[in-house]
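Fold and geometry: a report
Now for the letters of each chain:
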Amino acid sequence: MVENDQRIRRRVWVGLAVGCAGVGAWLVWNRMHPMSPAREAGLAEPFVQVVGAGQAGGDQVLREKAEIMDPTPLFFPTAWNFGQQPLPPGSLKQPGQVFPSFEPQYPLITKGIGADDNELQGVPTKLADLLAQGNEAPFAGMGRVDRERSTLPVRAAYLEVRALENADNIISEQLGGATPPRADIAPIEFIVLVGSAGLVGEPFLTTGSGRDEVDNYFRNYLVKTYRLGEHLPPGQYRVVVGS
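Attention in this report is confined to the structure presented alongside it.

Here the focus is the overall build of the chain. A tally of regular secondary structure across the chain gives 5 helices and 6 strands. Along its sequence from the N terminus, the chain presents helices and strands in the succession α-α-α-α-β-β-β-β-β-α-β. By sequence separation, contacts in the chain at least 24 residues apart represent 58% of the contacts at least 6 residues apart. Here the chain has roughly 21,100 Å² of accessible surface; of this, 58% comes from carbon and sulfur atoms.

Here we come to helix H5 (residues 212-225). Taking 1.5 Å of rise per residue, the 14 residues of H5 would be expected to cover 20 Å, and the 19 Å separating its terminal C-alpha atoms lies within 8% of that figure. Buried within H5 we find Val214, Asp215, Phe218, Arg219, Tyr221 and Leu222. Down the axis of H5, the smallest arc covering the buried residues is 160°, so these residues share one side. Turned more than 90 degrees off the buried face of H5, the exposed positions are Asp212, Lys224 and Thr225. Looking at the buried side of H5, the elements it contacts are strand E1 (157-163), strand E2 (169-175), strand E3 (188-195), strand E5 (204-207) and strand E6 (235-242).

Locating Ser209 in the fold gives a position in the loop between E5 and H5. Within polar-contact distance, the side chain of Ser209 engages the backbone nitrogen of Arg211 at 3.5 Å. Polar side-chain contacts of Ser209 include one of 2.8 Å to the side chain of Asp215.

Counting across every chain of the model gives 2 salt bridges. Residues Glu160 and Arg162 are paired through a salt bridge, measuring 3.1 Å at the closest nitrogen-oxygen approach. The exposure class assigned to Arg162 is partly exposed, which follows from its relative accessible area of 28%.

As judged from the 6 bridges shared by E1 and E2, these two strands associate in the antiparallel manner. Paired with Glu160 across the two strands is Ser172, which belongs to E2.

This brings us to the nonpolar core. Core analysis: the biggest nonpolar cluster contains 22 residues, and Leu159, Val161, Leu175, Phe218, Leu228, Val239 and Val241 have the highest contact counts within it. Residue assignment for this core shows that the elements contributing at least two residues are E1, E2, E3, H5 and E6. If sequence neighbours within four positions are ignored, Val161 has contacts with Asp168, Asn169, Ile170, Ile171, Leu228, Leu232, Tyr237, Arg238 and Val239.

Within this structure, the stated rule accounts for 2 aromatic pairs. Each ring, one from Tyr217 and one from Tyr221, has its centre 6.1 Å from the other, and the planes form 25°; the classification is stacked. Of this pair, Tyr217 and Tyr221 both sit in helix H5, 4 residues apart, which is roughly one turn of that helix. Residue classification places Tyr221 among the buried residues on the basis of a relative accessible area of 9%. Here the aromatic residues Tyr217, Phe218 and Tyr221 are joined through ring pairs into a cluster of three or more.

On the surface, Ile8, Val12, Trp13 and Leu16 cluster together to form a nonpolar patch covering roughly 450 Å² of accessible area. By the secondary structure assignment, Leu16 is in helix H1 (residues 2-32). On the accessibility criterion, Leu16 (48% relative accessible area) is partly exposed.

Definitions and limits used
- By convention here, each chain's residues receive numbers from 1 onward along its written sequence.
- The model is predicted, so local features are restricted to residues of pLDDT at least 70 and side-chain atom pairs to those at 80 or more, both for listing and for counting; the totals for chains, interfaces and linings are taken over all residues.
- Side-chain measures here rest on the full set of heavy atoms in the structure, leaving out hydrogens and waters.
- Helical segments are the DSSP runs of H or I of at least four residues, strand segments are the runs of E of at least two, and each set is numbered from the N terminus.
- Residue contacts are counted whenever heavy atoms from the two residues lie within 4.5 Å of one another.
- Each accessible area value is a Shrake-Rupley result obtained with a 1.4 Å probe; residue values ignore everything except the protein chains displayed when judging cover.
- The span one expects for a helix is its residue count, reduced by one, times 1.5 Å.
- Throughout, exposure labels follow a simple rule: accessible area from a 1.4 Å probe, protein chains only, divided by the maximum for the residue type, with under 20% read as buried, over 50% as exposed, and the rest as partly exposed.
- Note: the arc covers the axis-to-C-beta directions of the helix.
- Nitrogen and oxygen atoms within 3.5 Å of one another constitute a polar contact, given that in protein one can donate a hydrogen and the other can accept it, and given that sequence-neighbouring residues count only through two side-chain atoms.
- A side-chain nitrogen of Lys or Arg and a carboxyl oxygen of Asp or Glu constitute a salt bridge if their distance falls within 4 Å.
- If DSSP finds at least two bridges between two strands, the strands pair.
- Take the buried residues of types Ala, Val, Leu, Ile, Met, Phe, Trp, Tyr and Cys, join any two whose side-chain atoms come within 4.5 Å, and each joined set is a nonpolar core.
- Here a Phe, Tyr or Trp ring, Trp counted by its six-membered ring, pairs with any other such ring whose centre lies within 6.5 Å, and the pair is stacked when the planes are under 30 degrees apart, edge-to-face when over 60, and tilted otherwise.
- Note on patches: the residues involved have over 30% relative accessible area and no salt bridge, like charges join within 9 Å, and the nonpolar side chains Val, Leu, Ile, Met, Phe, Trp and Tyr join within 5 Å.

Next up, the structure:
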């Protein structure tokens, strides 16, 4: 039994010694021959290539390749889309020479328009003449009758006041005493603020008529002549003046 135990111990120690020797040899070999990292397949290595300023064929190819592969955004000025060179003389046109090769085409032909044949012949007196004349110009007399047209009466300006809070109609009446600089005016809109003592400040113009003199006239008329603040309780209002 004692001999068997000794044999087993020898075998264990010999195995440990052989293993340590193998590990040591592997470490020494790795130090002497370092392994390079594995390269990823399919990825090209970056390179730098110096090109001279000669006119050889190879240089021309490299310059064209650099221009094609230029990463500059297309909206930046480049030699292809920007230049300070003057226009050629043939492309400069003087006034009246822009469309010299296009003949004018009139949608309405005015040549040969004259009086209708019915006007020259007069009104037929017999039924047979009317039938013989036919229906050459059935609408010859339309739109040629002179009539006296009465002019439309000048309308006074119309005032409408509504509350901003609930859009209730407070005032709706005609301004008979208003005489604006122009009779045909577009609707004018103001925003007014009324306090316990009357109108606070001047009416604020939100929609004008397109004429400063008309807008200023009605602003002064509402404040000084009509005295809008005396007709309204305290609050905010939308005032529209139109004709």
